[in-house]
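Now for the letters of each chain:
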Amino acid sequence: MNAKGYLIDLDGTLISGNQLLPDALWLLEQVKGRYMLVSNNAEHTPQQLSRRLKRLGLKVDADNIVLAGTTAIDRLAIDFPGATLLLIGSPALQRYARNKGLVLESHRPDLVLVTRDRQFSYAKIALAANAIRQGAALYVAAPDVSHPGPNGEPVPETGALAAAIISCAGHCQATVIGKPEPVLFQMACAKLNVLPEQAVMIGDNLQTDGLGAKRLNMAFRHVVNGQIREPAALTQGK
Ligand SMILES: [Mg+2]
């Protein structure tokens, strides 16, 4: 654990549902002051997630959390200041977008951003597909289509909602922000003030955490069954 910076995935790495995984506290202690949590979460703000983690016993400041939903909004606010945006997303992300100066608008918006929206509906597919047909640029906060629930059942994620919109809109280009695309990795490295090749990504998903790290020449540590410590370190009680 002697790299300059660590990017740490959340679900399947530190927590599973509402359970802390066994090595979570140990890991954060090892990398104190040198880590960012990097998650494709596209529903909550870092503040909300920080509070949730605190309830589970993990103390992580909001400043140490990089999420796909809010990072997508940050990017749009920087690249298209004052743009009109159709945001398919939670009330928390809608507030976040307004606070960043984006104008939420469902009629002829400049941009459409799809995040994880538990109120997703037929009407929203129609709105988004029509906005795209009329020329709005489509952004998708994260590519994941589902994650496993407590009993292994698929829980819908942003990618599934985006797929419905894209299939309705017909051929269209979508810009994806979350892992494995480079934006979250680069954002986290910038916050840690390290280069990607000086950092290590720790995560359970080869397709997002692993592939994204590889593309940036970043080392990757694969977490299987929530186990992060080396077996040798375990036997030494470290
Ligand atoms: Mg994960």
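In this report, we go over the structure that sits alongside the text. What you see is a predicted model; the values in this text were computed from it and never measured.

**Describing the nonpolar core**
Within the largest apolar cluster, 35 residues are counted, with the highest numbers of intra-cluster contacts made by L7, I73, L85, L102, L113 and M218. Among the elements of the structure, β4 (35–39), α3 (68–79), β6 (84–88), α4 (91–99), β8 (111–114), α7 (182–192) and β13 (199–203) are those that each provide at least two residues to this core. Sort the elements by how many residues they give to this core and α7 lands first, with six residues. Of the residues that make up this core, three or more belong to each of domain 1 (5–40 + 179–235) and domain 2 (69–176). The contacts of M218, once residues within four sequence positions are left out, are L7, F185, C189, P196, A199, V200, M201 and A213.

**Considerations on helix α6 (residues 158–169)**
A rise of 1.5 Å per residue sets the reference length of α6, with its twelve residues, at 16 Å; its end C-alpha atoms lie 17 Å apart and thus fit the reference within 8%. Buried within α6 are the following residues: T158, G159, L161, A162 and I165. For α6, the angular spread of the buried residues around the axis is 155°, confining them to a single face. Just past α6, the residue G170 takes up positive phi, approximately 85°.

**Here's the deal with the coordination of the magnesium ion**
Donor atoms from the polypeptide that bind the magnesium ion are D9 (OD), D11 (O) and D204 (OD), placed at 2.1 Å. Counting gaps between the donor residues of the magnesium ion yields the pattern D-x1-D-x192-D. Accessibility expressed as a relative area gives 7% for D9, which makes it buried. On the basis of relative accessible area, D11 is assigned to the partly exposed category, the value being 40%.

**Remarks on the packing of α3 against α4**
Where α3 meets α4, the axes come as close as 10 Å, and the angle between the chain directions of the two elements is 25°. Considered as vectors, α3 and α4 are oriented roughly parallel to each other. Considering how the two elements wind past one another, α3 and α4 form a crossing that is right-handed. Together, G69, T70, I73 and D74 of α3 and L93, Y96 and A97 of α4 make up the contact between the two elements. Tallied by class, the residues present in the contact of α3 with α4 amount to four nonpolar, two polar and one charged.

**Here's the deal with the side chain of T13**
Note on placement: T13 falls in the loop between β1 (5–8) and β2 (15–16). Polar side-chain contacts of T13 include one of 2.9 Å to the side chain of D9. When residues no more than four places from it in sequence are discounted, the contact partners of T13 are I8, L21, I202, G203, D204, V223 and I228.

**Quick look at the pattern of salt bridges**
Using the criterion set out here, one finds eleven salt bridges in the structure. A salt bridge links D74 to K100, with the nearest nitrogen and oxygen atoms 3.5 Å apart. Of this pair, D74 sits in helix α3 while K100 sits in the loop between α4 and β7 (103–104), and the two are 26 residues apart along the sequence. In this structure, D209 engages K179 in a salt bridge whose closest nitrogen and oxygen atoms are separated by 2.7 Å. One end of the pair, D209, is in helix α8 (residues 206–215); the other, K179, is in the loop between β12 (174–176) and α7, and 30 residues separate them in sequence. No difference in accessibility class separates D209 from K179, as the two residues are buried. Taken together, the shared-partner salt bridges connect E43, R116, R118 and E157 into one network.

Thresholds, definitions, all that
Residues numbered from 1 in each chain as written. Predicted model: local features only at pLDDT ≥ 70, side-chain atom pairs only at ≥ 80, totals over all residues. Heavy atoms only, no water. Core = buried A, V, L, I, M, F, W, Y, C linked by side-chain atoms within 4.5 Å. Buried < 20%, exposed > 50% of the residue type's maximum accessible area, 1.4 Å probe, protein only. Helix = DSSP H or I, 4+ residues; strand = E, 2+ residues; numbered from the N terminus. Domains from an automatic or database assignment. Contact = heavy atoms within 4.5 Å. Expected span 1.5 Å × (residues − 1). Arc of directions from axis to C-beta. Donors = N, O, S within 2.8 Å, 3.2 Å for Na, K, Ca; no water. Axes fitted to C-alpha atoms, helices over the stretch in contact; angles between N-to-C directions. Parallel < 35°, antiparallel > 145°, perpendicular 65-115°, else oblique. Left-handed = near helix turned anticlockwise from the far one by under 90°. Nonpolar A, V, L, I, M, F, W, Y, C, P; charged D, E, K, R; others polar. Polar contact = N/O pair within 3.5 Å; in protein donor to acceptor, adjacent residues only side chain to side chain. Salt bridge = Lys/Arg side-chain N within 4 Å of Asp/Glu carboxyl O.

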